[in-house]
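Descriptive structure summary
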Amino acid sequence: MFSLSDFEQFAQQSLSSDAWSYYSSGAGLQQTMKDNEAAFLRYRLRPRVLRDVSAADTRTSILGNTIDFPVCVGVTAMHKLAHDDGELATARGIVMNQITATKYKTCMVLGSFSTTAMEEVAEAGSPGLQWLQLYIFRDRELTRSLITQAERVGFKAIVLTVDQPVIGPDSYKSASLPPHISFPDIGLSGPINKEKVRNLIDSSVTWEEVDWVKGLTKLPVVLKGILTAEDAVEAVRHGVQGIIVSNHGGRQLDGVLASIDALGEVVRAVEGRVEVYMDGGVRRGTDVLKALAMGARAVFIGRPVLWGLAYKGQEGVGRVLEILREELKSAMVLSGVSRVTDIKAELLVH
Ligand SMILES: Cc1cc2nc3c(=O)[nH]c(=O)nc-3n(C[C@H](O)[C@H](O)[C@H](O)COP(=O)(O)O)c2cc1C
Ligand SMILES: CCCCCCC(=O)C(=O)O
């Protein structure tokens, strides 16, 4: 397994057709899903030379916590569709030392639709960094209790998904989920009717709920699913600490900009007041370098983690992450950059 596409091919061949179709699907014509990857190829690098890169270092920090490289595990639902150990394997995979002898750690966002209890995942992921992804459920007590639990188990931020007033029509195709799938943190056990899951989410949510979540917790709040300067400015006005520029992996509104193409306007709009991250289509170290040059503090990966899980659980996730770390380091060295903070816009041309 040398590149992320090796993992993708393996997952396609080994997963059940229901699981593969759920993981790989995108909305509508899948224009945005495909463009997330294709758009990276439209940016080219402007490397500098003779800059002593002998001590290149991929370390950085997000919301004040150090991570060994700026590639994090984004939220995806239902890891037990890919591997029996589900989110436990993912959590263990964010602390890895497989290709090299050195131990590296990064951050993972656990989903509200996790198929493993938050408490167990928190324990398995140590000493990695963990954030909780939250929906505003119709049941506000449930929403509140997830935040309280995240604080109690030591998660370091709340990621509020804001691009999903309804779950996209092209999500899980079958009417019910496989019997081994349950969502312990939200009190749903199998076999689960898919409609029941859809009905949990409140589609009347506005910026008022962002204020409500902010009022419930001292943890930093990150909004996931912002694509415009207007919403980025609004997010800053509502006091959030971070923004993930994301189109949900092309699974919600088809035809929106690729995430890398939307990143620039969001970075310019927030003027450094909050951290900006991105997800969508990150498959190579050079993609990470390009996103950082455009102003992202770190990137998140969705599907590649599921492919890693399908390949070999914890070890597969670790290898996916380590390949990206190695590729990023190599791309930095060859671009004449030694530190993540030295990756600047001058490195890129469209
Ligand atoms: C199978 C799958 C499940 C997902 N589940 C969630 C979820 O529960 N909540 C959420 O905010 N985003 C979810 N996402 C979106 C991802 O967090 C992320 O935005 C996207 O996958 C990034 O694109 P990539 O897969 O090209 O890396 C999901 C994506 C996939 C592919
Ligand atoms: C049947 C549970 C689906 C939860 C939605 C997860 C999601 O955001 C996705 O894109 O899929």
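Residues numbered from 1 in each chain as written. Chains lettered and ligands numbered in written order. Predicted model: local features only at pLDDT ≥ 70, side-chain atom pairs only at ≥ 80, totals over all residues.

Taking an unreviewed UniProt entry as the reference, the protein chain is identified by name as (S)-2-hydroxy-acid oxidase belonging to Geodia barretti. UniProt's Sequence similarities (unreviewed entry) comment on the protein chain is quoted here verbatim: "Belongs to the FMN-dependent alpha-hydroxy acid dehydrogenase family." As its UniProt record puts it under Cofactor (unreviewed entry), the protein chain is described as follows: "FMN". (UniProt positions renumbered as here; feature names shortened; annotations may be inferred.)

Below, the discussion takes up the site of ligand 1. Around ligand 1, 23 residues are found, and the nearest of them are Ala77, Thr161, Gly249, Gly302 and Arg303. Among the residues forming the shell around ligand 1, the class breakdown is seven nonpolar, 12 polar and four charged. (Near = placed C-beta within 6 Å. Nonpolar A, V, L, I, M, F, W, Y, C, P; charged D, E, K, R; others polar.)

Checked against the element boundaries, Thr32 lands in helix α3 (residues 31–40). Here the alpha-carbon distance between Thr32 and Ala258, two residues 226 residues apart in the chain, equals 5.9 Å. If near-sequence neighbours (up to four positions away) are discounted, Thr32 is found in contact with Gly26, Asn247, Gly250, Asp254, Gly255, Val256 and Ala258. (Helix = DSSP H or I, 4+ residues; strand = E, 2+ residues; numbered from the N terminus. Contact = placed C-beta atoms within 7 Å.)

A few words now on the confidence of the model for the protein chain. For the protein chain, per-residue confidence averages 96 on the pLDDT scale, and residues scoring 70 or more make up 99% of the total. Confidence estimates for the predicted assembly give a pTM of 0.98 and an ipTM of 0.99. (pLDDT = per-residue confidence, 0-100.)

To continue, consider the site of ligand 2. In the region of ligand 2, the neighbouring residues are Ala77, Phe113, Gln164, Ile167, Ser171, Tyr172, Lys194, Val197, His248 and Arg251. Residues belonging to the shell around ligand 2 are distributed by class as follows: five nonpolar, three polar and two charged.

On to the nonpolar core. Counting residues in each nonpolar core, the largest one holds 108 residues, and the members touching the most others are Val159, Ile243, Val266 and Val299. Looking at which element gives the most residues to this core, the answer is helix α12 (residues 303–335), with 14 residues. Here Ile243 is in contact with Val222, Leu223, Ile226, Ala232, Ala235, Val266, Val270, Val274 and Val276, once residues within four sequence places are set aside. (Core = buried A, V, L, I, M, F, W, Y, C linked by C-beta atoms within 7 Å. Buried ≥ 20, exposed ≤ 12 C-beta atoms within 10 Å, placed from the backbone.)

Most of strand β12 (residues 275–279) sits out of view: five of its five residues are buried. Taking every second residue as pointing to the same face, both faces of β12 are buried, with Glu275, Tyr277 and Asp279 on one and Val276 and Met278 on the other. Sheet topology places strand β11 (residues 242–245) next to β12; four bridges connect them, and they run parallel. Pairing of Ile244 across the sheet is with Tyr277, part of β12. Traced from β11 through helix α10 (residues 259–270) to β12, the parallel crossover comes out right-handed. (Pairing = 2+ DSSP bridges. Right-handed = clockwise from strand over helix to strand, strands pointing away.)

The next thing to look at is the packing of helix α4 (residues 86–93) against helix α5 (residues 118–125). One can describe the packing of α4 onto α5 by two numbers: an axis separation of 7 Å at closest approach and a directional angle of 25 degrees. Taken as axis vectors, α4 and α5 run roughly parallel relative to one another. Relative to α5, the crossing made by α4 is right-handed. Between α4, through Glu87, Leu88, Ala91 and Arg92, and α5, the contact on the second element is made entirely by Glu120, Val121, Ala124 and Gly125. Residue composition of the contact of α4 with α5, grouped by class: four nonpolar, one polar and three charged. (Axes fitted to C-alpha atoms, helices over the stretch in contact; angles between N-to-C directions. Parallel < 35°, antiparallel > 145°, perpendicular 65-115°, else oblique. Left-handed = near helix turned anticlockwise from the far one by under 90°.)

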